Amino acid sequence: MKYEVFWKNPGYKSRPELKEDIECDYLIVGGGVAGVSLAYFLSKKTNKKIVLIEKNTIASGATGKAAGSLVLEGELDLLQIIKKYGKKKGLEFWKINKSTLEDIKNLVKKEKIKCDFSQENTIYGSMNKKGDAIVLDEYIAQKDIESETKLLVGKELIDKINTPLFKYIMLSPKHGISVNPLMFTQNLSNVVNKNGVKIYENTTLTKLYENHNMAETPKGNIKFKEVILAIDSDVRNSKVKKISSTIIVTEPLKKSELKHLSLLPKKIIWDSKDIYHYMKITKDNRILLGYGDKHISKKRTSIDPHQPHLKRIESFLHKLFPHLHKKIEYAWSGHFGTTEEKLPIMERKGTQITFAGAASQVSCVMAAQYISDKLTGRKSKLEPFFNIE
């Protein structure tokens, strides 16, 4: 078993570090999916000078260690959204979330971004009595607005995922997108570069002088008009909690094995536990399976897998597919930021905007769209939900 991240992006060349003093209108700090998406949307809406700095290489943090499963449900179910916003407002947020998923699909197509893109159905499964109630209630909440979503049991369930573990599943057509997250973000950064955004990698923000609109880096200072901190769990904000999660990737499955397990066509799958397992099939037919929602007090630099998580994943994989015997080839742990509500924080203090805790990559893109609209004076459909005035 290799203790390393599975995702690769052959041919990507990192950009040089900043070695001089420069000026810009918008400075984005952080080269994950949040920062790169913001740079993309801003570059489409303004001719002002945009600079992005990343302390390592693009997508080297939480983004490049993620599963690359972009889904509507998972982090936030429709029922959780309605509980937060009320039914009318909650349904509107759900529609925006869904339209963001479509925006990502269109972005990949329009910009010809190579990222192993695949739009897939999602399966939400129950493993116990508590899970049964969660899945059933979620299905009831969705059935009137998601007419193609189905609740399946028995043979119909086995036809979609051949497992003895789930009693009920909710099958939602095209509610998910699978990507190689490293490729998606790094290759999107190449588009951003072509749009005129200056990107400096291996460039650490060492100090921020808010009163002087100045950012200090080891070899050059940046004078800005607005600075956006898109640094996820590195942000100093009590609302953002550091979370550790672990992912494994197996050796490739034969197509006959995938067919026997009812995993063709490919699907994105997770269970209904509070700390859920999530699974998908990679482009080269491996099982990717993740687990864990462990709060950590300090930043974890090692990617070596969290051993209790790893044992839990191995046990879950065996219960899910008892007759499948595949070696785990890759295993790693990563950390990311989230809030109690699983929604991003966006706060303005003078010329500084803090953007963190989005939890899911769909939320990252959604928040990036909102911030780009606000910075360029456009009306946003997300105005009822976010406010950075």
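One structure accompanies this document, and this report is about it. All figures in this text were calculated on a predicted structure; none of them were measured in a lab.

Our focus in this paragraph is the sheet that holds strand β11 (residues 220–223). As a general point, the strands of a sheet are linked pairwise by backbone hydrogen bonds and lie either parallel or antiparallel. One open sheet accounts for four strands, arranged β1-β11-β10-β9; its pairing is mixed. Two strands in the sheet have a free side with no partner beyond their single neighbour: β1 (22–23) and β9 (207–209). With two bridges joining them, β1 and β11 adopt parallel strand pairing. Of the residues in β11, the one forming a bridge with E23 is K223.

Here we take up helix α8 (residues 307–320). Spanning 14 residues, α8 covers 20 Å between terminal C-alpha atoms, matching the ideal 20 Å at 1.5 Å per step. Turning to α8, its buried residues number three or more, namely H309, L310, I313, F316, L317 and L320. Along the axis of α8, the buried residues cluster in a sector spanning 125°; they form a single face. Of the exposed residues in α8, those oriented more than 90 degrees away from the buried face are P308 and K311.

Helical geometry note: an α-helix holds 3.6 residues per turn, so side chains three or four residues apart project in the same direction. Looking only at helix α2 (residues 78–85), the buried set comprises L78, I81, I82 and Y85. End-on view of α2: buried residues confined to an arc of 100°, all on one side of the axis. The inward-facing, buried residues of α2 contact α3 (87–110) and α4 (129–142).

Now for the packing of aromatic side chains. The full count for this structure, using the stated rule, is nine aromatic pairs. Measuring from ring centre to ring centre gives 5.2 Å for F6 and Y330, while their planes differ by 70°; the resulting arrangement is edge-to-face. A residue pair is termed long-range when its members are at least 10 positions apart, and F6 in the segment before β1 and Y330 in strand β17 (residues 328–338) qualify at 324 residues. There is no split in this pair, since F6 and Y330 are both buried. An angle of 70° between the planes, with centres 6.1 Å apart, marks the rings of Y276 and Y278 as edge-to-face. Each member of the pair Y276 and Y278 is classed as buried. Here the aromatic residues F6, W7 and Y330 are joined through ring pairs into a cluster of three or more.

Cut-offs applied
Residues numbered from 1 in each chain as written. Predicted model: local features only at pLDDT ≥ 70, side-chain atom pairs only at ≥ 80, totals over all residues. Heavy atoms only, no water. Pairing = 2+ DSSP bridges. Helix = DSSP H or I, 4+ residues; strand = E, 2+ residues; numbered from the N terminus. Expected span 1.5 Å × (residues − 1). Buried < 20%, exposed > 50% of the residue type's maximum accessible area, 1.4 Å probe, protein only. Arc of directions from axis to C-beta. Contact = heavy atoms within 4.5 Å. Phe/Tyr/Trp six-rings, centres within 6.5 Å; stacked < 30°, edge-to-face > 60°.

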